[in-house]
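Examination of the molecular architecture
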Amino acid sequence: LPADFKEALPVLEKIEQAGFEAYFVGGSVRDHILGLPIHDVDIATSAYPKEIKEIFKRTVDTGIQHGTVTVLMGDDSYEITTFRTESGYQDFRRPDKVTFVRSLEDDLKRRDFTINALAVDCNGNVIDKFDGLQDLDKKIIRAVGKPEERFHEDALRMMRAVRFQAQLNFKVEVKTAQAISDNAPLLKKIAVERIREEFIKMMISQTWQAGFDDFLKLGLSQFCPDFSNHKTELLDLLKINDQIFEDEDQAWSALGFVLNLNHQEFNKLLRDWKVSNKTRETSLNTLNMLHLFENQDLDLWNIYKLGVGNFERVIKLCQMFEIEFDYTKLKEQVNNIPIKNNHDLALTGKDVCEILDVKPGPIIGKSMSRIERSVVEGNVSNNFDDLRHYLLINQ
Ligand code: ATP
Ligand code: MG
């Protein structure tokens, strides 16, 4: 057993001593078998939440209505979820009813893909009811049971399929892929936030192309905000072959670029996808800067105004899209800009009033901007005496 599982063993053993079953399940089992780092260890049990709370002293009701209790042990915490089945799904997203059950197999049956439906017991034995091991070996994403039904139950699973495909560099099995293609319109029923979460996990994966390709080819993109009827443009993104996106903001900017969006259109897209304000702002500035570079408009002041923090992100994008310029020289110039924003100036608006012997007013703001620009462009150095002198001779 890997270290993460070993640490959690006392939890499993305690549940078993109380007469119940407990297993490691889900993503951690999959990642362990693939030899990948494990994020969080999920535990599934035949004990009901109430029973778990009787076994452990320190617990938190994380999602008690779905059967999840968090157990605190030393400095660690573990999510323990009661075996359950789900039924209903009238709205193609959430089950109407969750039922706690005592059978592991029933719990594994409700899971999305065979590679996510594996369990490991406290002796390290793998429980594999749906040939998940074989699919891991063959690098295949296959729905548990009938794919059509599974996507009708929860349409988000179609996005999860391409997300795992991107993260693991797997292929989607033929019938599962066909069912995605047939049911892609169901994605309209899913909250955009949930789609975005899977979409971004896909885009920032090491082999995002593997998932993005099927995201387009199986028709999922047609039912995502502002992507419909833009398959051709989006396919262009696959031309930037072996490059990966370092963060969400970079991925959004690249999408805005291939879609050839102006500031307003890109802003709309980001709002429609409900990205955070911070990401929206960074992505907008990054795309603006990328357009400057594309037009060879390498003005230091413009770059500074769009945020020096976005510079590296843009350089990476320029390399992806083969936009060429003397980047070593520009990088040196940008790195030499002595201030991040006007708060870093060695002189304040109040100083300007005193030096020029004027009352506060619009003229101060103008002087400050002029000073800021001169500092950025390297025409004056950022210390009080030099700035004072500069101000007096440039009134
Ligand atoms: P990650 O590495 O991103 O955490 P994961 O496989 O652990 O991947 P989670 O979203 O954390 O994914 O879900 C944990 C497990 O719960 C999955 O492995 C799967 O067995 C099950 N699961 C999660 N979401 C669904 C879903 N929409 N439908 C069916 N089963 C699901
Ligand atoms: Mg997980």
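Please read these numbers as outputs of a predicted model, since none were measured by experiment. (Residues numbered from 1 in each chain as written. Chains lettered and ligands numbered in written order. Predicted model: local features only at pLDDT ≥ 70, side-chain atom pairs only at ≥ 80, totals over all residues.)

Focus on the overall build of the protein
The line we're drawing: Under the scheme used here, helices are H or I runs from DSSP no shorter than 4 residues and strands are E runs no shorter than 2 residues, and both carry numbers assigned from the N terminus. Only C-alpha atoms enter the radius of gyration, while the globule expectation follows 2.2 Å times N to the 0.38, with N the number of residues. Remark: C-beta atoms are placed from the backbone, and a residue is labelled buried if 20 or more other C-beta atoms sit within 10 Å of its own, exposed if 12 or fewer do, or partly exposed between those counts.
Looking only at helices and strands, the protein has 20 helices and 11 strands in total. The C-alpha radius of gyration of the protein comes to 27 Å, more than 25% above the 21 Å expected for a compact globule of 395 residues. By principal-axis analysis of the C-alpha atoms, the protein measures approximately 85 × 50 × 35 Å. Counting every position in the protein, which comprises 395 residues, the buried fraction comes to 36%.

Brief notes about the UniProt feature "binding site: ATP" (unreviewed entry) in the protein
To be explicit about the condition: UniProt positions are given in the numbering used here, feature names are shortened, and annotations may be inferred rather than shown by experiment.
According to UniProt, the feature "binding site: ATP" (unreviewed entry) maps to Gly27, Arg30, Arg111, Asp154, Arg157, Arg160 and Arg163 in the numbering used here. Mapped onto the fold, Asp154 is located in the loop between helix H6 (147-153) and helix H7 (156-168). Along the chain, Arg163 turns up in helix H7. With 23 C-beta atoms packed within 10 Å, Arg163 lands in the buried category.

Side note on the site of ligand 1
Threshold: In this text, near has one meaning. A residue is near a molecule or strand if its C-beta atom, placed using the backbone, is within 6 Å of it. For this scheme, ten residues count as nonpolar: Ala, Val, Leu, Ile, Met, Phe, Trp, Tyr, Cys and Pro. Four count as charged, namely Asp, Glu, Lys and Arg, and the remainder, Gly too, count as polar.
As a matter of local geometry, ligand 1 sits amid Gly26, Gly27, His39, Asp42, Arg111, Asp112, Asn116, Ala117, Asp154, Leu156 and Arg157. Class assignment of the residues belonging to the shell around ligand 1 gives a composition of 2 nonpolar, 4 polar and 5 charged.

Considering the sheet that holds strand E5 (residues 76-82)
As a reminder of what qualifies: Whether two strands pair depends on DSSP finding at least two bridges between them.
Pairing is mixed across the open sheet formed by 7 strands, whose spatial order is E3-E4-E5-E2-E1-E8-E9. Strand pairing shows two members of the sheet lacking a second neighbour, strand E3 (59-63) and strand E9 (126-127), which therefore form its edges.

Brief notes about helix H1 (residues 3-17)
Which entries qualify depends on this criterion: A helix's residues, less one, multiplied by 1.5 Å, set its expected span. One axis is fitted to the seven residues ending at the residue and one to the seven starting there. The bend at that residue is the angle between these axes. Here contacts are defined at the residue level, using C-beta atoms placed from the backbone and a cut-off of 7 Å between them.
Helix length check: H1, at 15 residues, gives a terminal C-alpha distance of 22 Å against a target of 21 Å (1.5 Å per residue), a fit within 8%. At Leu9, H1 shows its strongest bend, of approximately 40°, with the proline Pro10 following within four residues. Within the sequence span of H1, burial applies to Ala8, Val11, Leu12 and Ile15. Looking at the buried positions of H1, the neighbouring elements they touch are strand E1 (22-25), strand E2 (42-45), helix H3 (49-55), strand E4 (68-73) and E5. Within two residues after H1, Gly19 carries a phi angle of roughly 95°, on the positive side.

Quick look at the environment of Phe20
Mapping Phe20 onto the fold places it in the loop between H1 and E1. Judged by the 19 C-beta atoms lying within 10 Å of it, Phe20 is partly exposed. The residues contacting Phe20, other than those within four sequence positions of it, are Ile15, Thr45, Ser46, Ala47 and Glu51.

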